[in-house]
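Single-letter residue listing:
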Amino acid sequence: MPTDLNSAETLALLTRIAASLERLAPVATPHADFTAADAFVWHAAGRRLSPVPKVNRVEMSLLRGIDRVRDQLAENTGRFARGLPANNALLWGARGMGKSSLVKAVHAEINHTGPADSRPLKLIEIHREDIETLPDLMSLLRSDPHRFIVFCDDLSFDADDTSYKSLKAVLEGGIEGRPDNVIFYATSNRRHLLPRDMMENERSTAINPGEAIEEKVSLSDRFGLWLGFHKCSQDEYLDMVFGYVDHLGLQADRDAIRAEALEWATTRGARSGRTAWQFIQDLAGRLGKAI
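Procedures and definitions
- Residues numbered from 1 in each chain as written.
- Predicted model: local features only at pLDDT ≥ 70, side-chain atom pairs only at ≥ 80, totals over all residues.
- Heavy atoms only, no water.
- pLDDT = per-residue confidence, 0-100.
- Helix = DSSP H or I, 4+ residues; strand = E, 2+ residues; numbered from the N terminus.
- Contact = heavy atoms within 4.5 Å.
- Phe/Tyr/Trp six-rings, centres within 6.5 Å; stacked < 30°, edge-to-face > 60°.
- Buried < 20%, exposed > 50% of the residue type's maximum accessible area, 1.4 Å probe, protein only.
- Core = buried A, V, L, I, M, F, W, Y, C linked by side-chain atoms within 4.5 Å.
- Expected span 1.5 Å × (residues − 1).
- Patch = residues over 30% accessible without salt bridge, like charges linked within 9 Å, V, L, I, M, F, W, Y side chains within 5 Å.
- Areas by Shrake-Rupley, 256 points an atom, 1.4 Å probe, with all protein chains shown as cover.
- Salt bridge = Lys/Arg side-chain N within 4 Å of Asp/Glu carboxyl O.
- Pairing = 2+ DSSP bridges.
- Axes fitted to C-alpha atoms, helices over the stretch in contact; angles between N-to-C directions.

Peer 1: I tried to follow the confidence of the model for the chain on my own but got confused; where do I start?
Peer 2: In low-pLDDT regions, the fine details of the predicted coordinates are not to be read closely. Averaged over every residue, the pLDDT of the chain is 84; the share at 70 or more is 82%. Per-element confidence in the chain is highest for strand E4 (residues 122-125), whose mean pLDDT is 97, and lowest for helix H6 (residues 196-205), whose mean pLDDT is 49. With pLDDT under 50 throughout, residues 198-208 is counted as low confidence; its partners more than four residues away or in other chains account for 13 contacts.

Take a look at the structure:
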């Protein structure tokens, strides 16, 4: 009887140990079918990529007031798509000026104008809170024959956030580094991805102020291409509005549209591409025009 009891206890103990080890084991990354779509969303919890059949994007021709940065990002992306050297890009600056829209528009433009027999460029979105799993995503992409833009929208880090280290290691600092078939694009309202008061606080309390912030500030240096987006002028704002009006075929008195668009921007305290699009949605709704 004692022998049977000990055997039962031993079996129960081994079962618990096996279950614990299974929970501790890293999540297996499933194989992704990159022929399913040209855009995907990375889901960190299941280490999987979800295809996006239709990307919410704006046509390149409708992005006004950002000609210089548009051309720079398009040229950089085109080189990458052709297998030539290209830089990771940080699109930073004013809200609503088309940072994320430009990334998606450039991706579509490169695929549309590329050779018919070439593999399409893939766009993969990773959410800000999943940056720590970026090395897992890179491992999945490294051996695939396609080329990938990994895109993070509204990237920034708070004082107690250490996930930026995963991003630094992947971009350039790790042993493996960024795969040759992957480029990383991010948008942010901050040029250095950190709040100014955090940087100044670390500088004032550190024994060596320069070294205290160097590690965090150097994250921005991993982006070889910095593209600044600034608030638009009134003329640029109206150019955006009428670009949408003409593209969508909205029929209304242009002087009235101009006055209403300016009033719309004034009541919101901002002129931007986002404000222009919000006005267009309101105008189209009042005109009974589906867009």
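Next, the rest of the story.
Peer 1: Is there a simple way to think about the packing of aromatic side chains in this case?
Peer 2: Describing an aromatic ring pair means giving the distance of the ring centres and the angle of the ring planes. In the structure shown here, the tally under the stated rule is 5 aromatic pairs. Here the aromatic rings of Phe 184 and Phe 223 are separated by 6.0 Å at their centres, their planes lie at 50 degrees, and the arrangement is tilted. On the criterion of sequence distance, the pair formed by Phe 184 in strand E6 (residues 182-188) and Phe 223 in the loop between helix H7 (209-221) and strand E7 (225-229) is long-range, its members being 39 residues apart. Take Phe 184 and Phe 223: they sit in the same class, and that class is buried. For the ring pair Tyr 244 and Trp 277, a centre distance of 5.0 Å and an interplane angle of 55 degrees mean the geometry is tilted. Placement of Tyr 244 in helix H8 (residues 234-248) and of Trp 277 in helix H10 (residues 273-287) is noted, with a sequence separation of 33 residues between them.

Peer 1: How should I be thinking about the nonpolar core in this particular structure?
Peer 2: Counting residues in hydrophobic clusters, the biggest one holds 47 residues, and the most contacted among them are Leu 73, Leu 102, Tyr 237, Val 241 and Phe 279. At 7 residues, the largest contribution of residues to this core is made by H8. Apart from residues lying up to four places away in sequence, Leu 73 is in contact with Ala 89, Leu 91, Leu 102, Val 103, Val 106, Tyr 185 and Leu 227.

Peer 1: Sorry if this is basic, but what is going on with unusual backbone geometry here?
Peer 2: Glycine aside, the phi torsion of most residues is negative, and most peptide linkages are trans. One non-glycine residue, Arg 47, lies in the positive phi region at around 50 degrees. Looking at the element boundaries, Arg 47 is found in the loop between strand E1 (39-43) and strand E2 (48-51). The exposure class assigned to Arg 47 is buried, which follows from its relative accessible area of 18%. In this structure, Asp 154 is a non-glycine residue whose phi angle is positive, near 60 degrees.

Peer 1: Looking at this model, I keep getting lost on H8. Mind explaining?
Peer 2: Since one α-helical turn is 3.6 residues long, residues separated by three or four positions face the same way. Across its 15 residues, H8 extends 21 Å between first and last C-alpha, which sits within 8% of the 21 Å expected from 1.5 Å per residue. By the burial criterion, the buried members of H8 are Tyr 237, Leu 238, Met 240, Val 241, Phe 242, Gly 243, Tyr 244 and Val 245. Residues of H8 that are buried in the fold lie against helix H9 (254-268) and H10. Phi for Gly 249, located one or two positions after H8, is positive at around 70 degrees.

Peer 1: Looking at this model, I keep getting lost on helix H2 (residues 67-81). Mind explaining?
Peer 2: End to end, H2 covers 21 Å across 15 residues, agreeing with the expected 21 Å (1.5 Å per residue, within 8%). Inspection of H2 places Val 69, Arg 70, Leu 73, Asn 76, Thr 77, Gly 78 and Phe 80 among the buried residues, and these make up the whole buried set. Check the buried side of H2 and you find it contacts strand E3 (89-93), helix H3 (99-113), strand E5 (148-152), E6 and E7. In the stretch just after H2, Gly 83 is the one whose phi turns positive, near 85 degrees.

Peer 1: Sorry if this is basic, but what is going on with a nonpolar patch on the surface here?
Peer 2: Together, Leu 13, Leu 14 and Ile 17 make up an exposed nonpolar region whose accessible area comes to about 270 Å². You can see Ile 17 is positioned in helix H1 (residues 2-24). Residue class for Ile 17 comes out partly exposed when judged on its relative accessible area of 42%.

Peer 1: Sorry if this is basic, but what is going on with the sheet that holds E1 here?
Peer 2: Sheets are built from strands paired through backbone hydrogen bonds, the pairs being either parallel or antiparallel. Taking strand neighbours across the sheet as the criterion, the 7 strands line up as E2-E1-E4-E5-E6-E3-E7 in an open arrangement whose pairing is mixed. Of all the strands in the sheet, just E2 and E7 have a single pairing partner and so form its edges. On average, each strand axis in the sheet is tilted by 25 degrees relative to the strand beside it, whichever way the strands run. Where helix H4 (residues 134-142) meets the sheet, its contacts fall on E1, E2, E4, E5 and E6, and the angle it forms with E5 comes to roughly 165 degrees.

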